[in-house]
Structures are given as structure tokens and as C-alpha cells.
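# Structural characterization, general
Listed below are the residues making up each chain.
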Amino acid sequence: MSAQENSTLYTFLHDPNYIATQAENLINAIANQQNVSYFTPANPTGTTSTAGVMMGLALSFTPKKTGRVKVYVSFNMTNNTAADGATAQLAYGSGTAPANGAAPTGTAIGQAQSAVAASASQPVGITLMAVVTGLTVGTAYWFDVILKAVTGGTASISSIMAIIEEF
């Protein structure tokens, strides 16, 4: 490196405008970080309802910038009766999150998924996904699973993992 290059580099690094610009860039980078939440809630109590009940997961998420979110919830679904099954669907709302066993509430989203296992309590891996738009920035929303037994038995979900991401 020539003496001229060293001198220019030294001046550049000690330029207060350069430092201020870098500080602004850092603040903008932090502000633009992704808004993502990860959840591993406890296994809720199952249900014998064939109409469906809330699982009471209370996955809370607050949009910060766009009001658009992607929701992914994966779990094992079972029914304690052989050749019977369960159906699950995502739902969301604002205000107080529903408790486990509460009547379905909020707005159902995404595609409902059903599974029937040949043997009692055989787990079937399920992933529910949905995109929600039009949420109010700064408002907390809850996300939950509506679960029902297909024709009888006790339907349950376990080993729950969820990701909610604003985009």
C-alpha cells in the first residue's frame, strides 16, 4: 500500500460523517431484522368433541411492520380409538387467547388436516400452515389449533413446534 493510500485510509476512518453513517446503517439493520417467534408449548388435554375445541396453545405474536404473517404449526396427532381419527385447523384472533377445551373461536385459517391411524394412539405427523394478511401492526394476536375427533375416541396433539414469521 502506498503512503497516499495509507493517508487516505486513515483520514477516511477518522471522518465523523463516516462514523455517523455507519451508526445509522446499524440502527436501520436492527430495525429491519425479521420478526420471528418460535414456540414449543406443552401438550394440551385431548378432546372427545366431534365439533371441535380450541387447544389453548396461546401462541402470541405482534406484527411490527407489515401485518402479514406466515404460521407453521407441526405436531403429532392421535386418537385413542383404532381406525378413528382427528382433524385439526389453525385459528387466530386478538384479545384473550382461548383456553384448552373452549368452543371454536377466532378466524379459522389454512387448510384443515385429518388423519386416521390403523391402531389406537398411533401418532401421525401433521403440519398446519397459513398466511394471514391485514393484521394491525402493534396489536397482539393469538394463534391456536382447533381439534376434533372424527367419529369418536379422544383426539390429541403432542410434540408441538410452531413458527410465526412476519414478512
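Now for a description of the structure that goes with this document.

Rules behind the numbers
- Residues numbered from 1 in each chain as written.
- Predicted model: local features only at pLDDT ≥ 70, side-chain atom pairs only at ≥ 80, totals over all residues.
- Heavy atoms only, no water.
- Helix = DSSP H or I, 4+ residues; strand = E, 2+ residues; numbered from the N terminus.
- Buried < 20%, exposed > 50% of the residue type's maximum accessible area, 1.4 Å probe, protein only.
- Contact = heavy atoms within 4.5 Å.
- Areas by Shrake-Rupley, 256 points an atom, 1.4 Å probe, with all protein chains shown as cover.
- Pairing = 2+ DSSP bridges.
- Axes fitted to C-alpha atoms, helices over the stretch in contact; angles between N-to-C directions.
- 1 Å grid on protein atoms, 1.4 Å probe; cavity = no way out; pocket = protein on both sides within 12 Å on 5 of 7 lines; lining within 4 Å.
- Points joined across faces, edges and corners; volume = space filled by probe spheres on them.
- Core = buried A, V, L, I, M, F, W, Y, C linked by side-chain atoms within 4.5 Å.
- Lys, Arg positive; Asp, Glu negative; His and termini not counted.
- Salt bridge = Lys/Arg side-chain N within 4 Å of Asp/Glu carboxyl O.
- Polar contact = N/O pair within 3.5 Å; in protein donor to acceptor, adjacent residues only side chain to side chain.

## Details of the overall build of the protein chain
- Looking only at helices and strands, the protein chain features 2 helices and 9 strands.
- Starting at the N terminus, the α and β elements of the protein chain follow one another as α-α-β-β-β-β-β-β-β-β-β.
- Counting over 167 residues, the protein chain shows a buried share of 34%.
- Contacts in the protein chain between residues far apart in sequence, at least 24 positions, make up 83% of those at least 6 positions apart.
- When the accessible surface of the protein chain is totalled, it reaches about 9100 Å², and 54% of it is carbon and sulfur.

## Details of the sheet that holds strand E9 (residues 155-166)
- Overall, antiparallel pairing links the 4 strands, which are arranged E1-E9-E4-E7 in an open sheet. Every other strand in the sheet has two partners, leaving strand E1 (36-39) and strand E7 (124-132) as the edge strands with one partner each. The average angle at which neighbouring strand axes cross in this sheet is 15°, direction not considered.
- With 9 bridges joining them, strand E4 (residues 69-79) and E7 adopt antiparallel strand pairing. For Val 71, the partnering residue across the bridge sits in E7 and is Ala 130.

## As for empty space enclosed by the protein
- By the definition in use, this model includes 1 cavity of 30 Å³ or more.
- In this model, the largest cavity occupies a volume close to 50 Å³.
- Those elements that provide at least two residues to the lining of the largest cavity are E4, strand E5 (85-94) and strand E6 (107-116).
- In terms of residue count, E4 provides more of the lining of the largest cavity than any other element does, 3 residues in total.

## Side note on the environment of Ala 149
- Topologically, Ala 149 is positioned in strand E8 (residues 141-149).
- You can call Ala 149 buried: its relative accessible area is 0%.
- Apart from the residues lying within four places of it in its own chain, the contact partners of Ala 149 are Thr 47, Thr 48, Ser 49, Thr 50, Asn 79, Gly 85, Ala 86 and Ala 155.

## Brief notes about the nonpolar core
- Core analysis: the largest hydrophobic core is formed by 32 residues, its most contacted members being Val 73, Phe 75, Met 77, Phe 143 and Val 145.
- Secondary structure elements with two or more residues in this core: strand E3 (59-61), E4, E5, E6, E7, E8 and E9.
- Those residues in contact with Val 73, other than ones at most four positions away along the chain, are Leu 59, Leu 90, Ile 126, Thr 127, Leu 128, Val 145, Ile 160, Met 161 and Ala 162.

## Looking at the side chain of Glu 166
- Among the structural elements, Glu 166 can be located in strand E9.
- For the buried residue Glu 166, which engages in no salt bridge, the nearest side chain bearing the opposite charge is Lys 64, 7.2 Å off.
- Only 2.6 Å separates the side chain of Glu 166 from the backbone nitrogen of Thr 66, close enough to count as a polar contact.
- A distance of 3.1 Å separates the side chain of Glu 166 from the backbone nitrogen of Gly 67, its partner in a polar contact.
- The contact partners of Glu 166, leaving out residues within four places of it in the chain, are Asn 35, Phe 61, Pro 63, Lys 64, Lys 65, Thr 66, Gly 67, Arg 68 and Val 69.

The values are spatial; any link to function lies outside them.
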